[in-house]
Every structure is written in C-alpha cells, then in structure tokens.
Amino acid sequence: MVYIVSWDEFVDRSVQLFKADPESTRYVVKYRHCDGKLVLKVTDNKECLKFKTDQAQEAKKMEKLNNIFFTLMARGPDVDLSEVNGKEQMETQPMKKGRGRKQ
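Below or above, wherever it landed, is the structure these notes cover. Owing to the predicted nature of the structure, the values given are computational and were not obtained by experimental measurement.

Rules and cut-offs
- Residues numbered from 1 in each chain as written.
- Predicted model: local features only at pLDDT ≥ 70, side-chain atom pairs only at ≥ 80, totals over all residues.
- Heavy atoms only, no water.
- Helix = DSSP H or I, 4+ residues; strand = E, 2+ residues; numbered from the N terminus.
- Buried < 20%, exposed > 50% of the residue type's maximum accessible area, 1.4 Å probe, protein only.
- Polar contact = N/O pair within 3.5 Å; in protein donor to acceptor, adjacent residues only side chain to side chain.
- Contact = heavy atoms within 4.5 Å.
- Phe/Tyr/Trp six-rings, centres within 6.5 Å; stacked < 30°, edge-to-face > 60°.
- Pairing = 2+ DSSP bridges.
- Axes fitted to C-alpha atoms, helices over the stretch in contact; angles between N-to-C directions.
- Parallel < 35°, antiparallel > 145°, perpendicular 65-115°, else oblique.
- Left-handed = near helix turned anticlockwise from the far one by under 90°.
- Core = buried A, V, L, I, M, F, W, Y, C linked by side-chain atoms within 4.5 Å.
- Expected span 1.5 Å × (residues − 1).
- Arc of directions from axis to C-beta.

## Points about unusual backbone geometry
Phi angles above zero are rare outside glycine, and N45 is one such case at about 70°. With respect to the helices, strands and loops of the structure, N45 is situated in the loop between β3 (37–43) and β4 (48–53). Of the residues examined, N45 reaches a relative accessible area of 59% and is grouped as exposed.

## Describing the side chain of T43
Along the chain, T43 turns up in strand β3. For T43, the side chain forms a polar contact with the main-chain oxygen of E47, separated by 3.1 Å. Residues within four places of T43 in sequence aside, it is in contact with L17, S24, T25, R26 and C48.

## Some remarks on the packing of aromatic side chains
In this structure the tally under the stated criterion is five aromatic pairs. Taken together through their ring pairs, the aromatic side chains of W7, F10 and F51 make up a single cluster.

## Some points on the sheet that holds strand β1 (residues 2–3)
Pairing within the open sheet is mixed, and its four strands lie in the order β1-β4-β3-β2. The sheet is open, and its two borders are formed by β1 and β2 (26–32), each paired with just one other strand. Pairing analysis gives seven bridges linking β2 to β3, with the strands arranged antiparallel. Within β3, the residue paired with R32 across the bridge is K37. Across the sheet, helix α1 (residues 7–20) touches β3 and β4, and the angle it forms with β4 is around 150°.

## Thoughts on the packing of α1 against helix α2 (residues 56–75)
Put simply, α1 and α2 touch, their axes get as near as 11 Å, and they point 15° apart. Classed by the angle they form, the pair α1 and α2 counts as roughly parallel. The handedness of the crossing between α1 and α2 is right-handed. Contact residues: W7, F10, V11, S14, V15, F18 and K19 in α1; K61, M62, L65, I68, F69, L72 and M73 in α2.

## Here we look at the nonpolar core
General note: in soluble globular proteins, nonpolar side chains tend to be found buried as a group. One finds W7, F10, V11, L40, L65, F69 and L72 to be the most contacted residues of the largest nonpolar core, which totals 18 residues. Of all the elements in the fold, those that place two or more residues in this core are α1, β3, β4 and α2.

## Structural notes on α1
Look at α1: 20 Å from first C-alpha to last across 14 residues, which is about the 20 Å you get at 1.5 Å a residue. Restricting attention to buried positions, one finds in α1 the residues W7, F10, V11, S14, V15, L17 and F18. Buried residues of α1 fall within an arc of 160° about the axis and therefore sit on the same side. Exposed side chains of α1 directed beyond 90 degrees from the buried face belong to D8, Q16 and A20. Buried positions along α1 lie against β3, β4 and α2.

Following this line, the structure appears as structure tokens:
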C-alpha cells in the first residue's frame, strides 16, 4: 500500500489505475469521526493507492474525484475528463422558482 501525499498525484494515478483496468478497480472512502480522518483508497488487486487527510478543504475535493469516477464508470474509460466539474457545474444550472401562484 502506498500513501500518496499530494492530492493531484493521487487523482492522476487513481484515474490511470481505473483506465488501465476498469473492471476490477475499486474506490473506497473511509471516514472516522472520532479521529476526524478521511482515507481514500483506490485498488485493482495488484496496486493499492491511499490518501489520508484530516483537512476539511481536502475532504471537499473528494466531491470532484467522485464526479470523475462516476463519469468514468458511466461513460467508459475513454471519456474526456476536461468536461467533468464538481460544484461549478451545479452552480451554472438555473435555479427553479418556488411553487407560488401564477400571475
């Protein structure tokens, strides 16, 4: 098992690992509230990558990684990841108005 210190390196190597063998790659998220630690693990039974943090900022980056993996799993490993966004994509969608009376 390899703990990777840099978030960007973890994301890049995780995506490469998934693209190499999408059928057997797993992504695991483990959070221990008592310690306040978040551990992300990506493995394909041959190589295991881990990232550990206790910083809330890095926990928020997990949302973008989730979106990347959801996109890869749904559209296939050959998809262009430049289209994948985290919260920015949701914020650009127009907000629905309430159920007020029509005037």
